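One letter stands for each residue in the lines below.
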Amino acid sequence: GPKVLQIPSHQIIDMGQMVTLNCDPVSNHLYFYWYKQILGQQMEFLVNFYNGKVMEKSKLFKDQFSVERPDGSYFTLKIQPTALEDSAVYFCASSLPTSAETLYFGSGTRLTVL
Amino acid sequence: QQQVRQSPQSLTVWEGETAILNCSYEDSTFNYFPWYQQFPGEGPALLISIRSVSDKKEDGRFTIFFNKREKKLSLHITDSQPGDSATYFCAASASSGSWQLIFGSGTQLTVMP
């Protein structure tokens, strides 16, 4: 089936540093999402992005977070500066406009903030 | 506040048995309920979904039973196979202006050969 690729699979950084998580969505998908999963807990919605804009974001999407997809390249989640509580697995997902509810997820990036 | 709850947290069945995974929700505006299957090291993959206008959805060995009045649904996996061993997430969305999928905390299923 369609694949969403996430790079890297694991990232370790020091608190206060900037980190960028990369997502290569399914080629003809136009809706993009980030979800956050803390170990042992459920996945939680962070943000939805379409046509160059944030369509919806949750309270977890702090001011330190930003997303972009410049010119059809990677869909990125940037955290600047990072905090200890940002340690989690971040899942990227994408969907077609014609079936926006059918999300295809990547395998996640495990972020460890020291 | 957990809007989508799943039980049990973990479930072990023998090969060939039927596994029953439960899910309940609170928000009456939810009208779309996908189930995702996740293997270790992979992202969740859509397994089967149902809309609130239906009370049953079947796809091969996987069936969703939906009770709108009680705000409950269940995923039945018949003739369980060891390859079905995974974590199953129930999710919900209102699909009326919101892009959020609200996930449950998952049920870890183990199918013993």
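Once a new chain begins, its residue numbering starts again from 1 and follows that chain's sequence as written. Labels are handed out in written order, letters beginning with A for the chains and numbers beginning with 1 for the ligands. Given that the model is predicted, a residue must reach a pLDDT of at least 70 before its local features are reported, and side-chain atom pairs must reach 80 or more before they are shown or counted; all residues, however, enter totals for whole chains, interfaces and linings. Neither water nor hydrogens contribute to the side-chain values; these are computed over all heavy atoms in the structure.

1. Concerning the nonpolar core
Using the following cut-off: Residue types Ala, Val, Leu, Ile, Met, Phe, Trp, Tyr and Cys, when buried and joined through side-chain atoms within 4.5 Å, form a set referred to as a nonpolar core. Note on exposure labels: buried denotes an accessible area under 20% of the residue type's maximum, exposed denotes more than 50%, and partly exposed covers the range between, all computed with a 1.4 Å probe on protein chains only. Note on definitions: a residue-residue contact is assigned when non-hydrogen atoms from the two residues lie within 4.5 Å.
Counting 27 residues, the largest nonpolar core has Trp35, Leu73, Leu75 and Tyr88 of chain B as the members making the most contacts within it. The contact partners of leucine 73 of chain B, leaving out residues within four places of it in the chain, are Leu21, Asn22, Cys23, Tyr25, Phe33, Trp35, Ile64, Phe65, Phe66 and Cys90 of chain B.

2. Quick look at the sheet that holds strand E8 (residues 75-79) of chain A
Residue and element names in this part refer to chain A. Where we set the bar: Pairing between two strands requires that DSSP report at least two bridges joining them. Counting from the N terminus, the helices are DSSP H or I runs at least four residues long and the strands are E runs at least two residues long. Axis definition: a line fit to C-alpha positions, over the contact stretch in the case of helices; interaxial angles, taken between N-to-C directions, run 0 to 180 degrees.
An order of E1-E3-E8-E7 is seen for the four strands of this open sheet, with the pairing classed as antiparallel. One side of each edge strand has no neighbouring strand; the edge strands of this open sheet are strand E1 (5-7) and strand E7 (65-68). Sheet twist, expressed as the average angle between the axes of neighbouring strands with direction ignored, equals 20°. Examined bridge by bridge, strand E3 (residues 19-24) and E8 share five bridges and lie antiparallel to one another. Residue pairing across strands places cysteine 23 opposite phenylalanine 75, the latter belonging to E8.

3. Notes on the interface of chain B and chain A
Applied cut-off: As used here, buried area is the combined drop in accessible area, with a 1.4 Å probe, of two parts when they are placed together. One speaks of a salt bridge when a side-chain nitrogen belonging to Lys or Arg is within 4 Å of a carboxyl oxygen belonging to Asp or Glu. Identification of polar contacts relies on pairs of N or O atoms within 3.5 Å, with a donor-acceptor requirement for protein atoms, meaning one able to donate a hydrogen and the other able to accept it, and with residues adjacent in sequence counted only if both atoms are side-chain atoms. Residues are grouped as follows: Ala, Val, Leu, Ile, Met, Phe, Trp, Tyr, Cys and Pro are nonpolar; Asp, Glu, Lys and Arg are charged; all remaining types, including Gly, are polar.
Across the boundary between the two partners, chain B contributes 21 residues, which contact 18 residues of chain A. Here chain B and chain A share an interface that buries about 1,600 Å² over both sides, 56% of which is from carbon and sulfur atoms. Considering only the surface of chain B that becomes buried against chain A, Trp99, Gln100 and Phe103 of chain B emerge as the three largest contributors, covering 41% of it. Where chain B packs against chain A, one counts one salt bridge. With a shortest N-O distance of 2.5 Å, glutamate 101 of chain A and arginine 51 of chain B are connected by a salt bridge. Our enumeration of links across chain B and chain A arrives at four residue pairs in polar contact (both at pLDDT 80 or more). For the side of chain B that touches chain A, the secondary-structure elements that each account for two or more residues are strand E4 (32-38) and strand E5 (45-51) of chain B. When residues of the side of chain B that touches chain A are assigned to their parent elements, the largest contribution, three residues, is made by E4 of chain B. Of the residues belonging to the side of chain B that touches chain A, the class tally is eight nonpolar, eleven polar and two charged.

4. Digging into the pattern of salt bridges
All names here are of chain B. Per the counting criterion, the structure on display carries six salt bridges over all chains. Measuring nitrogen to oxygen at the nearest pair gives 4.0 Å for the salt bridge that ties glutamate 58 to lysine 56. Overall, glutamate 58 belongs to the exposed group, its relative accessible area being 52%. Here arginine 61 makes a salt bridge to aspartate 84, at a shortest N to O gap of 2.8 Å. Taken together, the residues arginine 61 in the loop between strand E6 (56-59) and strand E7 (62-67) and aspartate 84 in the loop between strand E8 (72-77) and strand E9 (86-92) connect sequence positions 23 residues apart. On the basis of relative accessibility, which here comes to 26%, the residue arginine 61 falls in the partly exposed class.

5. Considerations on the side chain of serine 80 of chain B
Residue and element names in this part refer to chain B. On the secondary structure map, serine 80 appears in the loop between E8 and E9. The class for serine 80 is buried, based on a relative accessible area of 0%. Polar side-chain contacts of serine 80 include one of 3.2 Å to the backbone oxygen of isoleucine 77. For serine 80, the residues in contact, after removing those within four places along its chain, are Val13, Trp14, Glu15, Gly16, Glu17, Thr18, Ala19, Arg61 and Val111.

6. Side note on the sheet that holds strand E1 (residues 4-7) of chain B
Residues and elements named next belong to chain B. Taken in spatial order, the five strands make up an open sheet running E1-E3-E8-E7-E6, and their pairing is antiparallel. The sheet is open, and its two borders are formed by E1 and E6, each paired with just one other strand. Each strand axis lies, on average, 15° off the axis of its neighbour in the sheet, ignoring direction.

7. Quick word on the pairing of E7 of chain A
Where a strand is regular, its side chains alternate between the two sheet faces. Residues and elements named next belong to chain A. Residues Phe65 and Val67 point to one face of E7 and are all buried, whereas Ser66 and Glu68, pointing to the other face, are not buried. Both E7 and E8 contribute to a ladder of four bridges, which runs antiparallel. Across the sheet, valine 67 pairs through a bridge with leucine 77, a residue of E8. Adjacent in sequence and paired antiparallel, E7 and E8 are bridged by six residues, among which aspartate 71 carries a positive phi angle near 50°.

8. Remarks on the state of the cysteines
In a disulfide, the sulfur atoms of two cysteines are held together by a covalent bond. Counted only if it meets this: Any two cysteine sulfur atoms within 2.5 Å of one another count as a disulfide.
Tallied over the full model, the rule gives two disulfides over all chains. Each sulfur in the disulfide pair cysteine 23 of chain A and cysteine 92 of chain A lies 1.9 Å from the other. Around the S-S axis, the bridge from cysteine 23 of chain A to cysteine 92 of chain A shows a dihedral of about -65° and counts as left-handed. Linking cysteine 23 of chain A in strand E3 with cysteine 92 of chain A in strand E9 (residues 88-96), this pair joins segments that are 69 residues apart in sequence. For the pair cysteine 23 of chain A and cysteine 92 of chain A, a shared accessibility class is recorded, and that class is buried. Paired by a disulfide, cysteine 23 of chain B and cysteine 90 of chain B hold their sulfur atoms 2.0 Å apart. For the disulfide bridge between cysteine 23 of chain B and cysteine 90 of chain B, the dihedral angle about the S-S bond is near -70°, and by the sign convention the bridge is left-handed. Here cysteine 90 of chain B lies in strand E9 and cysteine 23 of chain B lies in strand E3 (residues 19-25), a separation of 67 residues in the sequence. On the basis of relative accessible area, cysteine 90 of chain B is assigned to the buried category, the value being 1%.

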